[in-house]
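# Descriptive structure summary
Given next are the chains, with one letter for each unit.
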Amino acid sequence: MAALVGAGLLATATATTATAQAATTATATATQDGPAAAASRPDRGALDAAVAALVRQGGAAAALGAVREGSRPAWKGAAGTSDVVTGAPVDANGRFRIGSVTKAFVSTVVLQLVAEHRLGLDDPIERFLPGEVPNGAAITVRQLLDHTSGLPNHTGDQAFDFTGPAWAERGRWKDYRAQDLVDIANRLPSPAAPGTAWNYSNTNYVLAGMIIEKVTGRTWDKEVERRIVRPLGLTGTSMPVSSPFIPGPHAHGYLQLPTGPVDVTLENPSWAGPAGAGISTTADLNRFVAALLDGTLLRPAELTEMQRTTGMGDGKDYGLGLQRYDTPCGLFWGLTGGIPGYNTGMYGSADGTRQFSMSVNLYDLSDLPATTKAWQDLVQAGTCAGRG
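The present account deals with the structure reproduced in this document. Computed from a prediction, not measured in an experiment: that's the story for all the values here.

## A closer look at the overall build of the chain
A count of helical and extended segments in the chain gives 12 helices and 10 strands. Counting every position in the chain, which comprises 388 residues, the buried fraction comes to 60%. The long-range share in the chain, meaning contacts at least 24 apart out of those at least 6 apart in sequence, stands at 71%. When the accessible surface of the chain is summed, it comes to about 14,100 Å², and 53% of that surface belongs to carbon and sulfur atoms.

Here it is as structure tokens:
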């Protein structure tokens, strides 16, 4: 699996997640080559058209997005069907699996614990999880959060081969403990020595979740709910441990297999855990990223650490559960996420004036260039509509 796929997604190793990450990366890269896109000032109609294009031309069964300007909702749109069998309409307020965007929530909790002097970013993880992984004394909490730990990725194991029928038929129902996922990772070869390279590993965040529990006495999901979800009033956000259901209105998710698309809306998310099991809405993600960047959730010192990027290879723009995006209209921070059936993007401008979140249920990947362009166009419209 290419490292670039893991850079922003849950690393499902499918064409779906690769397409989403490539499109997001293309948007950021284009801004470094010239200001051509800066002159474009899409309006609400252009945003509606960009969402519709993901369904009409981009191979999505459903797509939805929301823009927040100046602490107020500015646009919300949806296109497609929530169920390709029944043809039921999409609810723009619907919930969806957010994949690796979960990591931003988990990292925020860890940084709050840093602010409380209950752990340090440069503490070795051996202090909290003795003997849990090889070389734990040389791996720091920071290296877990920015993916420079050198630990293998448990979702690289064949048990998580999302390109074949075994996972869709049987694997998605299996219940995993955090220890099970770490044990799987420990059987895989290490890609690099700690601190020497950037290698995306979902196991890093499984361990971060275990550290949260060790320090607080409460599981990672309970701490996310206690410290972030409830204080911010994120009524559409939940962090399931093993429940296969998405509560409330939601679009179905599909996994593209050689035999055709399979409905994988229901799945036990324990294989993802603190690396990607979250569920949310576009409005909640916008509120979360706004609160993250405006100092509501973190002090300036911890937010600065969160935005300290690695500068390494494909992860050069990756911080502590947060990624830098240079858009035609300025700097944004956020994260993208992918889990079978769902792809998510969350972006907040550095100046705090704009937040944009989106969810796409890709369905037909027969024209990947069109899918990539449609994703890129929606990201550009969502982040830069009406901005100079």
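Having seen the model, we can carry on.
## A closer look at the environment of Phe-96
Looking at the secondary structure, you find Phe-96 in strand 3 (residues 96-97). Take Phe-96: its relative accessible area is 2%, and that puts it in the buried class. Residues Phe-96 and Gly-341, 245 residues apart in the sequence, show an inter-C-alpha distance of 9.4 Å. Leave out the neighbours within four places in its chain, and Phe-96 touches Leu-64, Gly-278, Ile-279, Ser-280, Thr-281, Thr-282, Leu-285, Tyr-342, Thr-344 and Ser-359.

## Some details on the packing of aromatic side chains
Inspection of every chain in the model, using the stated rule, returns 12 aromatic pairs. Taking 6.1 Å as the distance between ring centres and 80° as the angle between the ring planes, the aromatic pair formed by Trp-167 and Trp-271 counts as edge-to-face. Of this pair, Trp-167 sits in helix 6 (residues 165-169) while Trp-271 sits in the loop between strand 5 (260-263) and strand 6 (279-280), and the two are 104 residues apart along the sequence. Comparing Trp-167 with Trp-271, the two get one shared label, buried.

## Description of the pairing of strand 7 (residues 323-327)
Counting buried positions along strand 7 yields four of five residues, so the element is predominantly enclosed. Sheet topology places strand 7 next to strand 8 (residues 330-339); five bridges connect them, and they run antiparallel. Of the residues in strand 8, the one forming a bridge with Asp-326 is Leu-331. Connecting strand 7 to the antiparallel partner strand 8 that follows it, the hairpin turn spans two residues.

## Here we look at the side chain of Glu-223
Structurally, Glu-223 is set in helix 9 (residues 220-232). According to the relative accessible area criterion, Glu-223 is buried, its value standing at 0%. Excluding residues that lie within four positions of it along the chain, Glu-223 makes contacts with Val-109, Ile-212, Thr-216, Arg-218 and Ile-228.

## Side note on the nonpolar core
Among soluble globular proteins, nonpolar side chains are generally buried collectively. In this structure, Phe-105, Leu-119, Val-141, Ile-211 and Phe-288 are the most contacted members of the largest nonpolar core, which totals 78 residues. Ala-50, Val-51, Ala-374 and Trp-375 belong to the second largest nonpolar core, which has 25 residues in total.

## Side note on helix 4 (residues 102-115)
Spanning 14 residues, helix 4 covers 20 Å between terminal C-alpha atoms, matching the ideal 20 Å at 1.5 Å per step. Of all 14 residues in helix 4, 14 are buried, a share of seventy percent or more. With its phi angle positive at about 60°, His-117 sits one or two positions after the end of helix 4.

Criteria and cut-off values
Residues numbered from 1 in each chain as written. Predicted model: local features only at pLDDT ≥ 70, side-chain atom pairs only at ≥ 80, totals over all residues. Heavy atoms only, no water. Helix = DSSP H or I, 4+ residues; strand = E, 2+ residues; numbered from the N terminus. Buried < 20%, exposed > 50% of the residue type's maximum accessible area, 1.4 Å probe, protein only. Contact = heavy atoms within 4.5 Å. Areas by Shrake-Rupley, 256 points an atom, 1.4 Å probe, with all protein chains shown as cover. Phe/Tyr/Trp six-rings, centres within 6.5 Å; stacked < 30°, edge-to-face > 60°. Pairing = 2+ DSSP bridges. Core = buried A, V, L, I, M, F, W, Y, C linked by side-chain atoms within 4.5 Å. Expected span 1.5 Å × (residues − 1).

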